[in-house]
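Notes for the structure review
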Amino acid sequence: MKYLYAKPVMTTYHREEIMEMMGPVKTQYAVAPEPETQPQPPPPPPPCVSCANVTATPSAFLQGKTFDASDPFQVSVDTGGCTAFQEVEISIPGTSPIIFFQFDRAEGAEAGDIWSIDIVGFQFLDDRDEYPLVVTLLDGQGDSTSCETIIVVE
């Protein structure tokens, strides 16, 4: 019996043909999921740089008077469009002891750029004189701005 030798024929393939024959390929590496496109939060409001027109009602009152709910001591300030403030500090430096109040923004009332609060139970027992009433607006990052007016204790 005679065996005939058949010479092999060389076949060439292009990359696309090889990929088609292999089919989809899975590897041991996980493919990172596409990041979800979530809406970006709005940028934080700019820090408060100024305030103006602090008013205290009444601006002159008798020494020792206690303000009650029917006749409160009202403090208002023009925030100058500042939307970042979260807390308000009201102080009267130079008094003994120092008069100091701290309020959350929500405790007061806002009308446009004017923030105001009624301080019930306020009583001034120090000497009769003129005193600065300082209002400080504080934001969440610790930035602050202050403005003041004068009150008269008679």
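Heads up: the structure comes first, above all this text.
Residues numbered from 1 in each chain as written. Predicted model: local features only at pLDDT ≥ 70, side-chain atom pairs only at ≥ 80, totals over all residues. Heavy atoms only, no water.

A word on the overall build of the protein chain. When helices and strands are tallied, the protein chain shows one helix and nine strands. Reading the secondary structure of the protein chain in the N-to-C direction produces α-β-β-β-β-β-β-β-β-β. Classification of the 154 residues of the protein chain by burial places 27% in the buried group. A sequence separation of at least 24 residues applies to 62% of the contacts in the protein chain between residues at least 6 apart. Accessible surface, the protein chain as shown: approximately 11,400 Å² in total, 55% of it carbon and sulfur. (Helix = DSSP H or I, 4+ residues; strand = E, 2+ residues; numbered from the N terminus. Buried < 20%, exposed > 50% of the residue type's maximum accessible area, 1.4 Å probe, protein only. Contact = heavy atoms within 4.5 Å. Areas by Shrake-Rupley, 256 points an atom, 1.4 Å probe, with all protein chains shown as cover.)

Across all of its chains, the model carries 10 aromatic pairs by this definition. Seen from their ring centres, Phe61 and Phe67 are 5.4 Å apart, and the 85 degrees between their planes marks the pair as edge-to-face. In this structure Phe61 comes out as buried when scored by relative accessible area, which is 4%. Here Phe67 falls in the buried class, since its relative accessible area comes to 1%. Aromatic rings pair up to connect Phe61, Phe67, Phe73, Phe101, Phe103, Phe122, Phe124 and Tyr131 into one cluster. Against the face of Phe85 rests Arg105, its NZ or CZ located 4.2 Å from the ring centre. (Phe/Tyr/Trp six-rings, centres within 6.5 Å; stacked < 30°, edge-to-face > 60°. Lys NZ or Arg CZ within 6 Å of the ring centre and 35° of its normal.)

What the five strands build is an open sheet, ordered β2-β9-β8-β4-β5; its pairing is mixed. Strands with a single pairing partner mark the edges of an open sheet, and in this sheet they are β2 (60-61) and β5 (99-104). Pairing of strand β8 (residues 129-139) with strand β9 (residues 144-153), which is carried by 10 bridges, proceeds in the antiparallel orientation. Considered in β9, the bridge of Thr136 is made with Ser146. (Pairing = 2+ DSSP bridges.)

Attention shifts here to the sheet that holds strand β7 (residues 114-119). On the basis of which strands lie adjacent, the open sheet formed by four strands has the order β1-β3-β7-β6 and antiparallel pairing. Both edges of this open sheet fall to β1 (52-57) and β6 (109-111), since each of them pairs with a single strand only. Between one strand axis and the next, the sheet turns through 20 degrees on average, direction left out of account. In this structure, strand β3 (residues 73-78) lies alongside β7, joined through six bridges in antiparallel fashion. When the sheet's bridge partners are listed, Ser76 is paired in β7 with Ser116. (Axes fitted to C-alpha atoms, helices over the stretch in contact; angles between N-to-C directions.)

With that settled, consider the nonpolar core. Within the largest apolar cluster, 27 residues are counted, with the highest numbers of intra-cluster contacts made by Phe73, Ile90, Phe122 and Leu133. When contributions to this core are tallied by element, the ones reaching two or more residues are β1, β3, β4 (85-92), β5, β7, β8 and β9. In contact with Ile90, not counting residues within four places along its chain, are Val75, Ile99, Phe100, Phe101, Phe103, Ile117, Ile119, Leu133, Val134 and Val135. (Core = buried A, V, L, I, M, F, W, Y, C linked by side-chain atoms within 4.5 Å.)

In this section: the pairing of β7. Of the strand pairs in this sheet, β6 and β7 are connected by three bridges, and their pairing is antiparallel. Directly across from Ala111, in β7, lies its bridge partner Ile114. Linking two consecutive strands that pair antiparallel, namely β6 and β7, is a turn of two residues; a positive phi of about 70 degrees is found at Gly112 within it.

Take Ile119: it is sitting in strand β7. Once the C-alpha coordinates of Ile119 and Gly108 are considered, the two residues, 11 residues apart in sequence, prove to be 9.8 Å apart. For Ile119, the contacting residues outside a window of four places in its chain are Phe67, Pro72, Phe73, Val75, Ile90, Phe101 and Phe103.

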